[in-house]
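Overview (structure and organization)
What follows is each chain in one-letter form.
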Amino acid sequence: MNPVDDMFEAAALRSNAARIAPHVRRTPVVRVNGADFGLDGIELVFKLEFLQHAGSFKARGAFTHLLSRKAGAAGVVAASGGNHGAAVAYAAQRLGVRATIFVPGVASAAKLARIRHYGADLRIVGQRYDDALIASEAYEQDSGALAIHAYDQPETLLGQSSVGLELEEDAPDLDALLVAVGGGGLIGGIAAWYRGRVPLLGVEPELAPTLHRALAAGKPVDAPAGGVAADSLAPRQVGRLMFPLMQRYGAGSVLVSDAAIVEAQRSLWRVLRVVVEPGGAAAFAALQSGAWRAQAGQKVGVLLCGANTAAVDFS
């Protein structure tokens, strides 16, 4: 085994999934005829992770940190585009731990409201995720708070791997799985679970191609951080822990336009009557827009990963 495999071996992933199970929801899977979306000849298998506590998959990593690491009097600190902050705030509230959350100005009002609702000390700094991260690191040094990284700590990937575990148990017949990528904690954790048993494709906005550029360069490199999903899919670089997992077990990445993401949101509302945020719709956008094409007869998994958005008129 290489060091990455040692860190995320299957027994550890299963053990952690059992540890966090009392605190997170096992989100459902819905099978849909692709023809309902104009995608004839395939079956879609949606994992409805937007139904998770705090509105996204991030609760899994947050509880993994808080159940496996000890926070002192200063509590925990996190930087976030919004979803991670909401998840850490929720987990901290449930476990009686103080939380300080740094977010950039690009964070949506819906996500800010979530963080405040869970009782965290919310601090808005700069305009992009990296601004919030720098401020959170300074706070960590000054206060002694326990840092919970949004995507580049072992505990984060360990928690997110439980999405893959559940999906394989509930839908063991997938031919491919599409997952949106920001910093890569989610797809990295899923890759650690599947280890190549299912082709795993990362989907990113054209205006935030972090994984796409990293795979081309052979290492994490800086990328633009813009677009309609900038509050969830636009860090400066992908994580260094997830990158070797995607190099070894991933099937590459595709880019989608902002227009395709918005159209995917509309279609998911029209056909399934579910509302997801732009980042949550990105994976489906790749399929619906034709940026990635399934073969006839395939069963394609699509992760709908977040729904922290204000009510939207999709008419």
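It should be noted that the structure appears before, not after, this text.
A short tour of the structure in this document, coming up. Because the structure is a prediction, the values reported are computed rather than measured.

A separate point is the overall build of the protein chain. Within the protein chain, the regular secondary structure consists of twelve helices and ten strands. Expected size for 315 residues packed as a compact globule is a radius of gyration near 20 Å; at 18 Å, the protein chain falls within 12% of this value. Considering only C-alpha atoms, the protein chain reaches an extent of 55 × 50 × 40 Å along its principal axes. When the 315 residues of the protein chain are sorted by exposure, 57% land in the buried category. Excluding contacts between residues fewer than 6 apart, the proportion of contacts in the protein chain whose partners are at least 24 apart in sequence is 70%. A total of about 11,800 Å² of accessible surface is found on the protein chain, and carbon and sulfur atoms cover 50% of it. Considering the protein chain, the positive charge centre built from 29 side chains and the negative charge centre built from 29 side chains are found 3 Å apart.

Looking now at the packing of helix α7 (residues 154–170) against helix α8 (residues 185–194). Between two packed helices, the angle of one axis relative to the other and the distance separating the axes together describe the packing. Between α7 and α8, the least distance of the axes is 7 Å, while the angle of their chain directions is 55°. One finds that α7 runs oblique with respect to α8. Seen along the crossing, α7 lies across α8 with a hand that is right-handed. Contacts between α7 and α8 involve L157, Q160, S161, V163, G164, L165, L167 and E168 from the first element and G185, L186, G188, G189, I190, W193 and Y194 from the second. In terms of residue class, the contact of α7 with α8 is built from eight nonpolar, six polar and one charged.

Core analysis: the biggest nonpolar cluster contains 70 residues, and F46, F284 and L287 have the highest contact counts within it. Among residues more than four places away in sequence, those in contact with L287 are L39, I42, L44, L178, W292, A294, V300 and V302. The next biggest cluster of nonpolar side chains, apart from the first, holds 27 residues, and it includes V24, A59, Y90 and A92.

Here the focus is unusual backbone geometry. Backbone geometry at A54 places phi at a positive 65°, although glycine is not the residue there. Classification of A54 as buried rests on a relative accessible area of 3%. Not every positive phi belongs to a glycine, and R195 is a case in point at roughly 50°. If you trace the backbone, R195 turns up in the loop between α8 and β8 (200–205). Look at R195 and you get partly exposed, because its relative accessible area is 24%.

With the rule as written, the count across this model stands at 14 salt bridges. In this structure, the salt-bridge partner of R31 is E43, at a minimum N-O distance of 3.0 Å. You can see R31 sitting in strand β1 (residues 29–33) and its partner E43 sitting in strand β2 (residues 43–48), a full twelve residues away along the chain. Between K47 and E166 there is a salt bridge, and its shortest N-O distance comes to 2.6 Å. Linking K47 in strand β2 with E166 in helix α7, this pair joins segments that are 119 residues apart in sequence. Judged on exposure class, the residue K47 and its partner E166 are both buried. Several salt bridges share partner residues, and in doing so they unite R14, R26, E169 and D170 into one network.

Now for the side chain of Q298. As for its placement among the helices and strands, Q298 is situated in the loop between α12 (278–289) and β10 (299–304). From its side chain, Q298 meets the backbone nitrogen of Q295 in a polar contact 2.9 Å long.

Read from one edge of the open sheet, six strands run β1-β2-β10-β7-β8-β9, paired in mixed fashion. Each end of this open sheet is capped by a strand with a single partner; those strands are β1 and β9 (253–256). Neighbour to neighbour, the strand axes of the sheet diverge by 25° on average, direction disregarded. As defined by bridge partners, strand β7 (residues 176–180) adjoins β8 across four bridges and the pair is classed as parallel. The partner of L177 across the bridge, within β8, is L200.

Reading across the sheet, the four strands line up as β5-β4-β3-β6 and stay open at both edges, with parallel pairing between neighbours. The sheet is open, and its two borders are formed by β5 (121–124) and β6 (146–147), each paired with just one other strand. Sheet topology places strand β3 (residues 76–79) next to strand β4 (residues 99–103); four bridges connect them, and they run parallel. Note that in β4 the partner of A79 across the bridge is F102. Against the sheet, helix α6 (residues 129–143) makes contact with β3, β4, β5 and β6, and its axis sits at roughly 160° relative to β3, the strand it touches most.

The rules behind the values
Residues numbered from 1 in each chain as written. Predicted model: local features only at pLDDT ≥ 70, side-chain atom pairs only at ≥ 80, totals over all residues. Heavy atoms only, no water. Helix = DSSP H or I, 4+ residues; strand = E, 2+ residues; numbered from the N terminus. Rg over C-alpha atoms; globule rule 2.2 N^0.38 Å. Buried < 20%, exposed > 50% of the residue type's maximum accessible area, 1.4 Å probe, protein only. Contact = heavy atoms within 4.5 Å. Areas by Shrake-Rupley, 256 points an atom, 1.4 Å probe, with all protein chains shown as cover. Lys, Arg positive; Asp, Glu negative; His and termini not counted. Charge placed at Lys NZ, Arg CZ, Asp CG, Glu CD. Axes fitted to C-alpha atoms, helices over the stretch in contact; angles between N-to-C directions. Parallel < 35°, antiparallel > 145°, perpendicular 65-115°, else oblique. Left-handed = near helix turned anticlockwise from the far one by under 90°. Nonpolar A, V, L, I, M, F, W, Y, C, P; charged D, E, K, R; others polar. Core = buried A, V, L, I, M, F, W, Y, C linked by side-chain atoms within 4.5 Å. Salt bridge = Lys/Arg side-chain N within 4 Å of Asp/Glu carboxyl O. Polar contact = N/O pair within 3.5 Å; in protein donor to acceptor, adjacent residues only side chain to side chain. Pairing = 2+ DSSP bridges.

Remember, this is a structural readout, not a statement about activity or role.
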